[in-house]
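# Fold and geometry: a report
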Amino acid sequence: EFMREISGLKVLEQKLKETLNLEDVFIVSGDSDESPWVKHEMGRACVSCIRDRLAANTIVAVTGGTTIAAVADMMQLDCKNLHITFVPARGGIGENVENEANTICAKMANHTNSDYRLLYVPDQVSSEVRDSIVTEPSVKTVLEMIRSANLVIHGIGDALTMAQRRNTPETSWNTIVEGHAVGEAFGYYFDEHGHVVHKVLTVGMQLEDLQKIPHVIAVAGGSSKAKAIQAVIKQGHTSLLVTDEGAARELLKGI
Ligand code: BG6
């Protein structure tokens, strides 16, 4: 705390909290674009935020990505008596398996002595497949749990980086570029005003589901993600942001 005080992180947190209109902001020192270990520091900060917000029978939904994977690495809590259940926010994404929501969800459950359920569906599906798969009993139960989550931990991506990582088909790619998307979360691509310009058809959590969820924690850092973070937060669903100094300073520059 003392180190944070003298390094000015507390002041940055306060400024960012006010400008982004968030319930709370946590900033770790460094820039994860330059130093990969900063992601693990954000992970550690995120774990302490979660610890204060876990009540009995909490359902925690998590997305994929390298940042949330770092949160899972740092998660060492014993929640045996709290009966927490972890669920993936959405299906697999064609991400590397260690960065998939399913893998992260199982890891978090193992590190906290909790339960988990997995969603065995691809992330990008045709509307026919989606309409039929959501009626499968095993999928349906998990989807209901996802919708009743009390806490969500999600990553934020730079729009074009994510579109590339997902091997986005040309027509969608064009929509993303022409719509000037800068940020991505939950398969939604946002422009700098926070408007949705494209959405991947997915099974799992939808943007409107976030409205009912009391704790929506975004974990994202690196100065290259500043615009993305701002765009996603303009949506107004995030309650807490865990970020790094690199992103925070860049964010405050543009405001
Ligand atoms: C993905 C999430 O898995 O991770 C995205 O589904 C998010 O919504 C992305 O944007 C962030 O990835 P990373 O590796 O930059 O943390």
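Because the structure is a prediction, the values reported are computed rather than measured.

The next thing to look at is the overall build of the protein chain. In terms of regular secondary structure, the protein chain is built from eleven helices and eleven strands. Relative to its length of 255 residues, the protein chain is compact, with a C-alpha radius of gyration of 17 Å against a globular reference of 18 Å. Looking at the protein chain as a whole, 53% of its 255 residues are labelled buried. Counting only contacts in the protein chain whose residues sit at least 6 apart along the sequence, the fraction spanning at least 24 positions is 72%. Of the roughly 11,700 Å² that the protein chain leaves accessible, carbon and sulfur atoms contribute 50%. One finds the centroid of the 24 positive side-chain charges in the protein chain at a distance of 3 Å from the centroid of its 33 negative side-chain charges.

All right, on to the sheet that holds strand 8 (residues 188-190) then. Across the sheet, which stays open at both edges, the four strands sit in the order 6-7-8-9 with antiparallel pairing between neighbours. Unpaired on one side and paired on the other, strand 6 (157-158) and strand 9 (196-199) mark the two borders of the sheet. Sheet analysis places strand 8 next to strand 9, joined by three bridges and oriented antiparallel. Within strand 9, the residue paired with Tyr188 across the bridge is Lys199. Across the sheet, helix 10 (residues 226-234) is in contact with strand 6, strand 7 (183-185) and strand 8; its angle to strand 7 comes to roughly 55°.

Below, the discussion takes up helix 3 (residues 37-51). Spanning 15 residues, helix 3 covers 21 Å between terminal C-alpha atoms, matching the ideal 21 Å at 1.5 Å per step. Turning to helix 3, its buried residues are Val38, Met42, Gly43, Ala45, Cys46, Val47, Cys49 and Ile50. In this fold, the buried residues of helix 3 make contact with strand 1 (24-28), helix 4 (66-74), strand 5 (151-155), strand 10 (215-219) and strand 11 (240-244).

Here the focus is the confidence of the model for the protein chain. Of all residues in the protein chain, 96% have pLDDT values of 70 or greater, and the mean over the chain is 93. Two summary scores accompany this predicted model of the complex, namely pTM at 0.95 and ipTM at 0.97.

Residue alternation in strand 2 (residues 59-62) divides its side chains into two sets, Ile59 and Ala61 and Val60 and Val62, and both sets are buried. Taken together, the four bridges between strand 2 and strand 3 (residues 85-88) define a ladder with parallel strand orientation. Looking across to strand 3, one finds that Ile59 is bridged to Thr85. Between strand 2 and its parallel partner strand 3, the chain crosses via helix 4, and the hand of that crossover is right-handed. Inspection of the sheet shows strand 2 paired to strand 5 by three bridges, in the parallel sense. Residue pairing across strands places Ala61 opposite Val152, the latter belonging to strand 5.

Okay, the environment of Leu16 next. For Leu16, the location among the structural elements is in helix 2 (residues 9-20). As for Leu16 and Leu252, which are separated by 236 residues in sequence, their C-alpha atoms are 7.0 Å apart. Those residues in contact with Leu16 that sit more than four places away from it in its chain are Asn21, Val25, Ile27, Leu241, Thr243, Ala248, Leu251 and Leu252.

Moving on to the packing of helix 3 against helix 4. At a minimum axis distance of 8 Å, the contact between helix 3 and helix 4 shows a crossing angle of 60°. Between helix 3 and helix 4, the interaxial angle falls into the category oblique. Note that helix 3 runs across helix 4; the crossing there is right-handed. Mapping the contact onto sequence places Lys39, His40, Met42, Gly43, Arg44, Cys46 and Val47 in helix 3 and Thr66, Thr67, Ala70, Val71, Asp73 and Met74 in helix 4. Here the residues of the contact of helix 3 with helix 4 sort into six nonpolar, four polar and three charged.

What surrounds the ligand is a group of 16 residues, the closest being Thr66, Thr67, Glu95, Glu184 and Lys225. In the model, an oxygen atom of the ligand is placed 2.6 Å from a nitrogen or oxygen of the Lys225 side chain. Against a free-state accessible area of 400 Å², the protein chains account for coverage of 96% of the ligand. Put simply, the parts of the chain that give the shell around the ligand at least two residues each are helix 4, helix 8 (159-165) and strand 7. Split into classes, the residues belonging to the shell around the ligand amount to five nonpolar, six polar and five charged.

Definitions and limits used
- Residues numbered from 1 in each chain as written.
- Predicted model: local features only at pLDDT ≥ 70, side-chain atom pairs only at ≥ 80, totals over all residues.
- Heavy atoms only, no water.
- Helix = DSSP H or I, 4+ residues; strand = E, 2+ residues; numbered from the N terminus.
- Rg over C-alpha atoms; globule rule 2.2 N^0.38 Å.
- Buried < 20%, exposed > 50% of the residue type's maximum accessible area, 1.4 Å probe, protein only.
- Contact = heavy atoms within 4.5 Å.
- Areas by Shrake-Rupley, 256 points an atom, 1.4 Å probe, with all protein chains shown as cover.
- Lys, Arg positive; Asp, Glu negative; His and termini not counted.
- Charge placed at Lys NZ, Arg CZ, Asp CG, Glu CD.
- Pairing = 2+ DSSP bridges.
- Axes fitted to C-alpha atoms, helices over the stretch in contact; angles between N-to-C directions.
- Expected span 1.5 Å × (residues − 1).
- pLDDT = per-residue confidence, 0-100.
- Right-handed = clockwise from strand over helix to strand, strands pointing away.
- Parallel < 35°, antiparallel > 145°, perpendicular 65-115°, else oblique.
- Left-handed = near helix turned anticlockwise from the far one by under 90°.
- Nonpolar A, V, L, I, M, F, W, Y, C, P; charged D, E, K, R; others polar.
- Near = heavy atom within 4 Å.
- Polar contact = N/O pair within 3.5 Å; in protein donor to acceptor, adjacent residues only side chain to side chain.

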